[in-house]
Amino acid sequence: QVQLGESGGGLVQAGGSLRLSCAASVRFFSTYSMAWFRQAPGKEREFITFISYTGTTYYGDSVKGRFTISRDNAKNTVYLQMNSLKPDDTADYYCAAAKLRAGVRLEDYNYWGQGTQVTVSS
């Protein structure tokens, strides 16, 4: 069983930065691919980025060049550094985990955190 807990959300002005963290309670964290998704009010959950168990990263077009995903396997934690934030980035942010293989679809991930809210003011 994998338990995920996000933190680091909050209110920030446009152009600002936030770093989200997702701590995983799981054995062999290094064998899991990790992803971040977000869901804005009234919209579907959207893929943002993943980092595979091998360290390969991939970004959705809406965040490419502004967000960076990283992981610390010694701490069982994945991070999302968000820079140049825009009001359109306002959403609940969720981390997700999948054994080994990464993907961009919700159904690619078996485990989800409860989410952390990010609000970007204009």
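These lines cover the structure that appears in this document, whether it is placed above or below. Owing to the predicted nature of the structure, the values given are computational and were not obtained by experimental measurement.

## Observations concerning the side chain of T116
For T116, the position within the fold is in strand β11 (residues 116-121). Here the side chain of T116 touches G9 through a polar contact of 3.2 Å, landing on its backbone nitrogen. With sequence-adjacent residues up to four places away left out, T116 is seen in contact with E6, S7, G8, G9, L20, A91, D92 and Y93.

## What to know about the sheet that holds strand β7 (residues 67-72)
A sheet is described by the order of its strands in space; here four strands give the open sequence β1-β3-β8-β7, paired in antiparallel fashion. If you trace the sheet from one side to the other, it starts and ends with β1 (3-7) and β7, each paired once. Direction aside, the axes of adjacent strands within the sheet are offset by 15 degrees on average. Two elements, β7 and strand β8 (residues 77-82), share six bridges in a ladder whose sense is antiparallel.

## Brief notes about the state of the cysteines
In total, this model carries one disulfide according to the counting rule given. In this model C22 forms its disulfide with C95; the gap between the sulfur atoms is 1.9 Å. Of note, the bridge from C22 to C95 carries an S-S torsion of about 45 degrees and is right-handed in sense. Taken together, the residues C22 in strand β3 (residues 18-25) and C95 in strand β9 (residues 91-99) connect sequence positions 73 residues apart. Residue C22 shares its accessibility class with C95, and that shared class is buried.

## Quick word on the nonpolar core
Of all hydrophobic cores here, the largest spans 29 residues; its most connected members are L4, M34, W36, F67, M82 and Y93. Residue assignment for this core shows that the elements contributing at least two residues are β3, β4 (32-39), β5 (46-51), β7, β8, β9 and β11. When sequence neighbours within four positions are dropped, the list of residues in contact with M34 reads L4, C22, F29, T49, F50, I51, I69, R71, V78, A96 and A97. Counting seven residues, the second largest nonpolar core, distinct from the first, contains F37, F47, F50 and A96.

## Things to note about the pattern of salt bridges
Enumeration according to the criterion identifies six salt bridges in this entry. Linking E46 and R38 is a salt bridge whose minimum nitrogen-to-oxygen distance equals 2.8 Å. A relative accessible area of 31% places E46 in the partly exposed class. R38 sits in the buried class, given a relative accessible area of 6%. A salt bridge links R66 to D89; the shortest N-O distance between them is 2.7 Å. Linking R66 in the loop between β6 (57-59) and β7 with D89 in the loop between β8 and β9, this pair joins segments that are 23 residues apart in sequence. There is no split in this pair, since R66 and D89 are both buried. Members of the salt-bridge network, linked through shared partners, are R38, E46, R66 and D89.

What counts and what doesn't
- Residues numbered from 1 in each chain as written.
- Predicted model: local features only at pLDDT ≥ 70, side-chain atom pairs only at ≥ 80, totals over all residues.
- Heavy atoms only, no water.
- Helix = DSSP H or I, 4+ residues; strand = E, 2+ residues; numbered from the N terminus.
- Polar contact = N/O pair within 3.5 Å; in protein donor to acceptor, adjacent residues only side chain to side chain.
- Contact = heavy atoms within 4.5 Å.
- Pairing = 2+ DSSP bridges.
- Axes fitted to C-alpha atoms, helices over the stretch in contact; angles between N-to-C directions.
- Disulfide = S-S within 2.5 Å.
- Buried < 20%, exposed > 50% of the residue type's maximum accessible area, 1.4 Å probe, protein only.
- Core = buried A, V, L, I, M, F, W, Y, C linked by side-chain atoms within 4.5 Å.
- Salt bridge = Lys/Arg side-chain N within 4 Å of Asp/Glu carboxyl O.

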